[in-house]
Amino acid sequence: MQKLINGKRFRGKVNSGRVNSFADQLRYKFDNFMSKGTIALIGGLALVCLAFILVTAFLVNLVGIAPEGSDRLSVPEAIWGVLMRTLDSGTVGGDTGWFFRLTMLFVTFGGIFVVSTLIGLLSSGIDAKLEDLRKGRSRVIETDHIVILGWSLQIFTLISELALANSNRSDTCIVILSEGDKVQAETALQDTLGKLPRIRLVYRTGSPSNIADLGIVSIQTARSIIVLNPANEHSDAQVVKTLLAITNIPRSLPYHIVAQVQTSKTLDVIKLIGHHEVEPLMTNDLISRIVVQTCRQSGLSIVYMDLLNFSGDEIYFKAEPMLQGKTYGDALLSYNNSTVIGIRRSDSAIQLNPPSSTRLQVDEQLIFISEDDDTIHLSSYSESWIDHQIIQQAERKPAEAEHTLILGWNDRVYHIIQQLDQYVAHGSTVTVVAGFPAAEVDLSAEALQRQMAQYQQGEPTDRQVLENLHLSKYDHIIVLCNPDLEPEQSDAQTLMTLLHLRDIANRDDHNYQIVTEMLDVRNQTLAQVARPDDFVISEQIISLMMAQVSEQKSINALLMDLFNPEGSEIYLKPVQDYVKSDRPINFYTVVEAARQRGESAIGYRRKADANNMARSYGVVLNPPKDQLVEFKPQDVIILLADS
C-alpha cells in the first residue's frame, strides 16, 4: 500500500512503528519553515547569506588566499571581497592568481545561488504585498472615523454629504467595506466625486457581516457606522447579520449605527440586537411617504432636499434657559436668523409644531432650522414689528376628491396607495398602470377608507397608452422606477414616460402635478430638462437622511415624525391665506399670521423663480425675519401644519 507523505510516496503502513531518522525530522522542520511564508523565507535566506559570507571570508583569511602578488587579506577585507563577489559576478574579472580566482569563482557561484534566491524572494514578497494592497485586505488604523458597510448607488450622495458635514474638521476619514473590487470601486469614487477637500477615502474589500473583516476597518473605534442595504430578496437578513457581527465586537462606548432596512418586520429584530445603538431607516416606507406628500404639492421635494442636505440650513437641537416657562408661540418670534419648528422633550420625544400655548419646561430643547449651531441666538423682539393690519385669515376650503395616476410598478406601490389614502378626501381614486396582466394584480384587497383603487394593463412608455388614459382627469401623476432593470435602463424608461407626459400636458394645456422616482441621482439633471418643475424623488433623499442621522443621532426620531401622516408636516399654502400681498412686509408678520392658525412658518416660495435652479426654484427657508419681502398673489408660504 502506498501513502503520499510530504509529497513523496512511501510503501507500507503509515503507522508501522518505524523510528523517524534525523533526516526525516530535519526534512519535517524544513517543510514547516518553508510554509511560514515570504517573511520567514527572506529572514532564513538572509541568515544563510550572512553565514556563507562570514565562513568563506574566515577561510580566505585562515588559508591565506590572496590575489597574486598581494599579502594575506585581513578579516574585514576578506568579508568585503566575498560580499562584493556574491553581489556582482563581474568582480572576478580583475582577480589574479589561479588559486584565488578559483576560490572567488566558488564564492560567486554561491552568491548567484543564495543571493539571487533572496532577491527573487524579495521581489515575490513585494509583488504579493502589492497584490494584497490591491485587494484591499490591509488593516485600517484609524480612530473617530466614519465606516460605510456595503455598496449601492446611494454611496456617492452619502459621501458628498458627509464631506460637507465635516468641512469644518481638518481631517476626516471615511472607510468603506464591501465585497466589490477595490480598484473598480476607487475608480468609480474618483470619477464621480473627484477630490474631496479634507476628506480621506479608504476602501477595503471584505464581507460586512464577517467579524474578522470588520476588524480590518477598525469598527470598534469608529465615530459612526452606516449599513447600506443591497436591496435584494434577502437584503434585510443580510443587514441583521451585519448588525449582529458589529455588536459582537466589544467596545467601551455604545455604537452609533445607521441601518437601512426594507420591511417593518425587521425593526423588531433590530430592537433586540441594537439596544438603542441602531437607528433604522425604513427605505420603502420613507420613499412612499415622500412620493405621496410631494405629488400633492408642487415644490415640496425642493424643500425636503434643502432641509436635508448640509449645503444650506440644517436642523439643530438647543436648550434655551432664557425661554423656560415661556410659550412655544413666544419662541417662534424670539429668533431673527433661526426658525423654531418644535420641542424635544426631556424624555427625547419629538413634538413638531406644538400648540402655541405650550410652555417650555426644564431639560427641554427647542428644535431649530439654522445655518449652523453657532448662529442660533436670541434676538430682541418688539410687538411693533408686526403689521397686524396686513394679516388675514382666509377660510379653509373643504377638501375635494382627488384622482391620482401611478405609472409603473415596484414594491412600493402598495405602500404608496395606503399612504395616499390617509391624505385624500372621500370619493378619491387611484389608478395603477403597468405591464402586468390584470389577473396578476389585485388591488381590491387593500383596506382603503377614502379612495378606490383600480388597475389597468399597459406600458407607461407607450404614447398611445398614455393618450388613452385621458390624463386631463387626473390631479397627480406618479412615475415609478423599475428596480428589476439596470439603473441606466430603468431611468431611461422613466425619462421617456416623463417626456410624453409633459408633451401631452403642454398640448392639452393641463397642469397636473408629476413626481418622478429614479434610481440614479446622476440622471436627475436629465429629468429636469423635461421641465424644471418635475422634481425627481429618488433614493438620494435616503442618502441625505442617512448622512444626517450619522452626524446627529436624534435627527432620526424627528424625520420619522416629519414624514408621518399623523401630526404636523410641511405644507405649501397660498400667501393670501395669511397676509395681504399689496405691500412689502417682514417675515415676523408672516410667522405671527401662521402662529394665529396654530402653524409654524419656516419659509416661502416665489412663483416667479419656480424654474430658476440658481435660486433654488424659488424656495427660501429660514429667511431673516426683519427683512422686508414683497409677495405676489401666486407665491406660497412654507409651514409646519396639521393639515
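Residues numbered from 1 in each chain as written. Predicted model: local features only at pLDDT ≥ 70, side-chain atom pairs only at ≥ 80, totals over all residues. Heavy atoms only, no water.

**Quick notes on the sheet that holds strand 22 (residues 619-621)**
Taken in spatial order, the four strands make up an open sheet running 19-24-21-22, and their pairing is antiparallel. Each edge of the open sheet carries a strand with a single partner, namely strand 19 (569-574) and strand 22. Between one strand axis and the next, the sheet turns by 30° as a mean value, whatever way the strands run. Here strand 19 runs beside strand 24 (residues 636-641); their pairing, made up of six bridges, is antiparallel. Residue pairing for strand 24: Glu-569 is matched across the bridge by Ala-641. Along the sheet, helix 19 (residues 587-595) contacts strand 21 (600-605) and strand 24; its crossing angle with strand 21, the most-contacted strand, is approximately 125°. (Pairing = 2+ DSSP bridges. Helix = DSSP H or I, 4+ residues; strand = E, 2+ residues; numbered from the N terminus. Axes fitted to C-alpha atoms, helices over the stretch in contact; angles between N-to-C directions. Contact = heavy atoms within 4.5 Å.)

**Section: the packing of helix 5 (residues 154-165) against helix 6 (residues 182-193)**
Interaxial distance between helix 5 and helix 6 falls to 11 Å at its minimum, and their mutual angle equals 60°. Here helix 5 is positioned oblique relative to helix 6, judged by the angle of their axes. Pair helix 5 / helix 6 crosses with right-handed handedness. Each of Phe-156, Ile-159 and Ser-160 in helix 5 lies in contact with helix 6, whose residues at this interface are Ala-188, Leu-189, Thr-192 and Leu-193. Tallied by class, the residues present in the contact of helix 5 with helix 6 amount to five nonpolar, two polar and no charged. (Parallel < 35°, antiparallel > 145°, perpendicular 65-115°, else oblique. Left-handed = near helix turned anticlockwise from the far one by under 90°. Nonpolar A, V, L, I, M, F, W, Y, C, P; charged D, E, K, R; others polar.)

**A word on empty space enclosed by the protein**
All told, the structure shown has three cavities of 30 Å³ or more when counted by the stated rule. Here the largest cavity is characterised by a volume of approximately 70 Å³. Together, Leu-153, Gln-154, Thr-157, Leu-519, Asp-520, Val-521, Ser-538, Glu-539, Gln-540 and Ser-543 line the largest cavity. Broken down by secondary-structure element, the contributors of at least two residues to the lining of the largest cavity are helix 5 and helix 17 (540-551). Residue composition of the lining of the largest cavity, by class: three nonpolar, five polar and two charged. Looking at the second largest cavity, its volume works out to about 50 Å³. The wall of the second largest cavity is formed by Leu-307, Ile-315, Ile-341, Leu-352, Ile-369, Leu-558, Leu-562, Ile-570, Ile-602 and Leu-640. For the lining of the second largest cavity, a count of residues per class yields ten nonpolar, no polar and no charged. (1 Å grid on protein atoms, 1.4 Å probe; cavity = no way out; pocket = protein on both sides within 12 Å on 5 of 7 lines; lining within 4 Å. Points joined across faces, edges and corners; volume = space filled by probe spheres on them.)

**Points about the layout of surface pockets**
Roughly 1600 Å³ of volume is contained in the largest pocket. Surrounding the largest pocket, 42 residues form its lining, Arg-296, Gln-297, Glu-402, Leu-572 and Pro-574 being those nearest its centre. Where the lining of the largest pocket is concerned, the elements lending two or more residues are strand 17 (513-518) and strand 19. For the lining of the largest pocket, the leading source of residues is strand 19, giving four residues. Partitioning the lining of the largest pocket into residue classes produces 16 nonpolar, eight polar and 18 charged.

**Re the pattern of salt bridges**
Applying the stated rule across the entire model yields 19 salt bridges. A salt bridge links Asp-582 to Arg-583, with the nearest nitrogen and oxygen atoms 3.7 Å apart. According to the relative accessible area criterion, Arg-583 is partly exposed, its value standing at 32%. (Salt bridge = Lys/Arg side-chain N within 4 Å of Asp/Glu carboxyl O. Buried < 20%, exposed > 50% of the residue type's maximum accessible area, 1.4 Å probe, protein only.)

**Focus on the packing of aromatic side chains**
Throughout the structure, instances matching the rule amount to ten aromatic pairs. Ring geometry for Tyr-335 against Phe-368: centres 4.8 Å apart, planes inclined by 75°, an arrangement best described as edge-to-face. Here Phe-368 lies in strand 12 (residues 365-370) and Tyr-335 lies in the loop between helix 12 (328-332) and strand 10 (339-344), a separation of 33 residues in the sequence. The residues Tyr-335 and Phe-368 share a single accessibility class, namely buried. With a centroid separation of 5.9 Å and an interplanar angle of 85°, the aromatic rings of Trp-409 and Phe-436 are classed as edge-to-face. Of this pair, Trp-409 sits in the loop between strand 13 (403-407) and helix 13 (413-421) while Phe-436 is found in the loop between strand 14 (428-434) and strand 15 (451-457), placing the two residues 27 residues apart along the sequence. What makes Trp-409 buried here is its relative accessible area of 17%. Judged by its relative accessible area of 35%, Phe-436 falls in the partly exposed class. Members of the aromatic cluster, each reached through a chain of ring pairs, are Trp-409, Tyr-414, Phe-436 and Tyr-455. One residue, Lys-573, lies across the ring of Tyr-571, its end atom 5.6 Å from the ring centre. (Phe/Tyr/Trp six-rings, centres within 6.5 Å; stacked < 30°, edge-to-face > 60°. Lys NZ or Arg CZ within 6 Å of the ring centre and 35° of its normal.)

**As for the sheet that holds strand 3 (residues 146-149)**
Spatially, the six strands line up as an open sheet ordered 5-4-3-6-7-8, and their pairing is parallel. Here the strands that pair on one side only, and so sit at the sheet edges, are strand 5 (199-205) and strand 8 (278-282). On average, each strand axis in the sheet is tilted by 20° relative to the strand beside it, whichever way the strands run. The pairing of strand 6 (residues 224-227) with strand 7 (residues 257-261) spans three bridges and is parallel. Its bridge partner lying in strand 7, Val-227 is registered against Ala-259. Its contacts with the sheet place helix 5 against strand 3, strand 4 (172-178), strand 5, strand 6 and strand 7, and it is angled at close to 170° to strand 3.

**Focus: the confidence of the model for the protein chain**
Looking at the protein chain as a whole, the pLDDT averages 84, with 86% of positions reaching at least 70. Note on residues 1-16: pLDDT under 50 across the span, and 15 contacts to partners over four residues away in sequence or across chains. (pLDDT = per-residue confidence, 0-100.)

**A closer look at the packing of helix 10 (residues 283-295) against helix 13**
At a minimum axis distance of 9 Å, the contact between helix 10 and helix 13 shows a crossing angle of 50°. Accordingly, the angle class assigned to the pair helix 10 and helix 13 is oblique. In this structure, the crossing between helix 10 and helix 13 has a hand that is right-handed. Judged by residue contacts, Asn-284, Asp-285, Ser-288, Arg-289, Val-291, Val-292 and Cys-295 of helix 10 engage His-415, Ile-416, Gln-419 and Leu-420 from helix 13. A breakdown of the residues in the contact of helix 10 with helix 13 according to their chemical character gives five nonpolar, four polar and two charged.

**Structural notes on the environment of Pro-574**
Topologically, Pro-574 is positioned in strand 19. Each C-alpha atom, one on Pro-574 and one on Ile-637, is 6.2 Å from the other, the two residues being 63 residues apart in sequence. Discounting chain neighbours no more than four positions away, the residues touching Pro-574 are Asp-635 and Val-636.

**Digging into the pairing of strand 3**
Because side chains alternate across strand 3, one face comprises the buried residues Ile-146 and Ile-148, and the other comprises Val-147 and Leu-149, equally buried. Relative to strand 4, strand 3 is paired through four bridges, and the arrangement is parallel. Across the sheet, the residue bridging to Leu-149 is Leu-177, located in strand 4. As for the winding sense of the linkage, the β-α-β connection from strand 3 through helix 5 to strand 4 is right-handed. Relative to strand 6, strand 3 runs parallel, the two being bridged by four bridges. Within strand 6, the position partnered with Val-147 by the bridge is Ile-225. (Right-handed = clockwise from strand over helix to strand, strands pointing away.)

**Comments concerning the pairing of strand 16 (residues 476-479)**
A two-sided burial pattern is seen for strand 16, the buried positions comprising His-476 and Ile-478 on one face and Ile-477 and Val-479 on the other. In the sheet, strand 13 pairs with strand 16 via four bridges, with the strands oriented parallel. When the sheet's bridge partners are listed, Leu-405 is paired in strand 16 with Ile-477. Inspection of the sheet shows strand 16 paired to strand 17 by four bridges, in the parallel sense. The residue of strand 17 that forms the bridge with Ile-478 is Val-515. For the crossover that starts at strand 16, traverses helix 15 (residues 487-508) and ends in the parallel strand 17, the hand is right-handed.

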